[in-house]
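The primary structure of each chain is shown beneath.
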Amino acid sequence: MKFIIKSISKNSGRLGQLRIKDSKELQTPLLLQTTKGGSIPYLSADVFGMVTQEQQVLQLTLCTMDQMAESLAQWNRSLGAYVGYPECNTVLLLRDPCEATPTGGNDRDVVPLFTRRGKESLTAERYLQLVSSFAPDVYQGLCDADTNQDSTKKRVQKSVDRTERFMEHCYKQHRELDRLKDSTLLAPIVGGYNTYARTQSIKHAREQPKGSYGGYIFEGFHTNGLPATSLSPSQLLPIVEHCVQQIEEELPRLMPGPLTPVLMLELIRLGIDIFDTSYAYCAAVNYKALTFSYTIDKEEHSVFLDVTDEAIREEFKPMLEGCKCLACQKHTRAYVHHLYKTNELLGPILLMIHNLHHYMGFFDVIRQSIAMDQLPLLLDYVRRQNMPNDVNYCIEPNTKVAGKAAMGKGVITAAN
């Protein structure tokens, strides 16, 4: 994996070019396509091809694909080809960013892997065996990321110490396993919200021989799923800034999870390069179409369209006027509301099509804003919409359920 910085701005972050193996050059900030079980949720590869024709990178998760390891060990083509996206590069993570990871189960020499079949205890050796079966283009090193803003100093320090032990094995085996010789390892930076612990984690990574890893992944700020949408910027951003100042500029930095648009923009200003589409997925399964505006010279919109709202049952216009996605070009708000009421699977399919299209368009504008050194203007514009104060979009437990086949487990609202 090769990463080149095209420009850096104190106010707007940085633009870069990323090349994974023999792929086309990918522009950063980059949006990875979140998957479940190797598939983009609700969409077939053919339908996703109607959402975008641009080169994409799949974010795969071991916790939703572990049962495929035995088959993949016999597979002699790319991991992307195995899941039906032969043209896509792959990034393999341990945990599903869309779902809250249960806490606990952190014994001295194992990390718990919560799969659809139950919990499996992973040693570093077992983890590398599984990763070797997958042979992804990029993968994260094994780490203890079971920390958040409420974690004690003792829990945080244990996460750092255990991660160092896991990574000693990962660094060694990464160089020796034949199926991983063309893969790039991402060094995990853990330590919760403790600057001392984060510095220790970074120091351990930087002490490794040059070329041991090809980038960083920031872990341990949240445990994924709905809680990640309510992170406090005032707590998170100073820690990220502290970390960024201590790592090499020439390596890409990934932060997974359903982070809000406002928080993503703040992180991009600090120099984070890679994110994922888990927030767009969380909106879709919670009855929300993303409708916030990211074009500064246009009028501001509400942040979401709630398709459960009875007020739209006779609105015969697109979910977002002017949107060029397949869902908005062919269907109305009234029809999507009807799909919700009747629990039709087409409902989340249309929402996923729209939300991915909207979010990828958002990242196109982000890159344009950085190039013109105008990211602060975009940040202020996005923050103002439906937000009276400096707040982010959070997800609250859902109280609206249409029936047994309801589309999701929570609703997204704009809140303090």
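Residues numbered from 1 in each chain as written. Predicted model: local features only at pLDDT ≥ 70, side-chain atom pairs only at ≥ 80, totals over all residues. Heavy atoms only, no water.

- As recorded in an unreviewed UniProt entry, the chain goes by Queuine tRNA-ribosyltransferase accessory subunit 2 and comes from Drosophila arizonae.
- The Subunit (unreviewed entry) field of the UniProt record for the chain holds the comment "Heterodimer of a catalytic subunit and an accessory subunit."
- On record in UniProt, under Subcellular location (unreviewed entry), the comment for the chain is "Cytoplasm". (UniProt positions renumbered as here; feature names shortened; annotations may be inferred.)

Things to note about the overall build of the chain
In step 1: Of regular secondary structure, the chain possesses 14 helices and 17 strands.
In step 2: The C-alpha radius of gyration computed for the chain amounts to 21 Å, which stays within 12% of the reference 22 Å derived for 416 residues, consistent with globular compactness.
In step 3: Counting only residues that meet the buried cut, the chain has 59% of its 416 residues in that class.
In step 4: On the chain, roughly 17,400 Å² of surface is accessible, and the fraction owed to carbon and sulfur atoms is 48%.
In step 5: In the chain, 45 positive and 47 negative side-chain charges are present, and the distance between their average locations comes to 2 Å. (Helix = DSSP H or I, 4+ residues; strand = E, 2+ residues; numbered from the N terminus. Rg over C-alpha atoms; globule rule 2.2 N^0.38 Å. Buried < 20%, exposed > 50% of the residue type's maximum accessible area, 1.4 Å probe, protein only. Areas by Shrake-Rupley, 256 points an atom, 1.4 Å probe, with all protein chains shown as cover. Lys, Arg positive; Asp, Glu negative; His and termini not counted. Charge placed at Lys NZ, Arg CZ, Asp CG, Glu CD.)

Thoughts on the pairing of strand β7 (residues 111-115)
In step 1: For β7, the buried fraction is high: four of the five residues fall into the buried class.
In step 2: Summarising the sheet, β7 and strand β8 (residues 118-122) pair through five bridges and their orientation is antiparallel. Note on β8: the bridge partner recorded for Val111 is Leu122.
In step 3: A loop of two residues connects β7 with β8, the two strands running antiparallel in sequence. (Pairing = 2+ DSSP bridges.)

Regarding the environment of Gly322
In step 1: Mapped onto the secondary structure, Gly322 falls in the loop between β15 (304-306) and α11 (326-330).
In step 2: Along the sequence, Gly322 and Gly225 sit 97 residues apart, while their C-alpha atoms lie 31 Å from each other.

A word on empty space enclosed by the protein
In step 1: Taken as a whole, this structure holds four cavities of 30 Å³ or more when the rule is applied.
In step 2: In this structure, the largest cavity encloses a volume near 130 Å³.
In step 3: In this structure, the largest cavity is lined by 17 residues; those nearest its centre are Arg95, Thr101, Pro102, Ala145 and Asp146.
In step 4: In terms of residue class, the lining of the largest cavity is built from six nonpolar, seven polar and four charged.
In step 5: Size it by volume and the second largest cavity reaches roughly 80 Å³. (1 Å grid on protein atoms, 1.4 Å probe; cavity = no way out; pocket = protein on both sides within 12 Å on 5 of 7 lines; lining within 4 Å. Points joined across faces, edges and corners; volume = space filled by probe spheres on them. Nonpolar A, V, L, I, M, F, W, Y, C, P; charged D, E, K, R; others polar.)

Section: the packing of aromatic side chains
In step 1: All told, the structure shown has 14 aromatic pairs when counted by the stated rule.
In step 2: With centroids separated by 6.2 Å and ring planes inclined at 25°, the aromatic side chains of Tyr279 and Tyr359 adopt a geometry described as stacked. On the criterion of sequence distance, the pair formed by Tyr279 in helix α10 (residues 278-285) and Tyr359 in helix α13 (residues 346-371) is long-range, its members being 80 residues apart.
In step 3: The class for Tyr279 is buried, based on a relative accessible area of 0%.
In step 4: Judged by centre distance (5.0 Å) and plane angle (75°), the ring pair of Tyr287 and Tyr340 falls under edge-to-face. Placement of the pair is Tyr287 in the loop between α10 and β14 (288-290) and Tyr340 in helix α12 (residues 333-341), with a sequence separation of 53 residues. Neither Tyr287 nor Tyr340 differs from the other in exposure class; each is buried.
In step 5: In textbook terms, an aromatic cluster arises when at least three aromatic residues are bridged by ring pairs, as seen for Phe275, Tyr279, Phe292, Tyr294, Tyr359, Phe362 and Phe363.
In step 6: Here Arg198 stacks its cationic end above the ring of Phe221, 3.8 Å away from the centre of that ring. (Phe/Tyr/Trp six-rings, centres within 6.5 Å; stacked < 30°, edge-to-face > 60°. Lys NZ or Arg CZ within 6 Å of the ring centre and 35° of its normal.)

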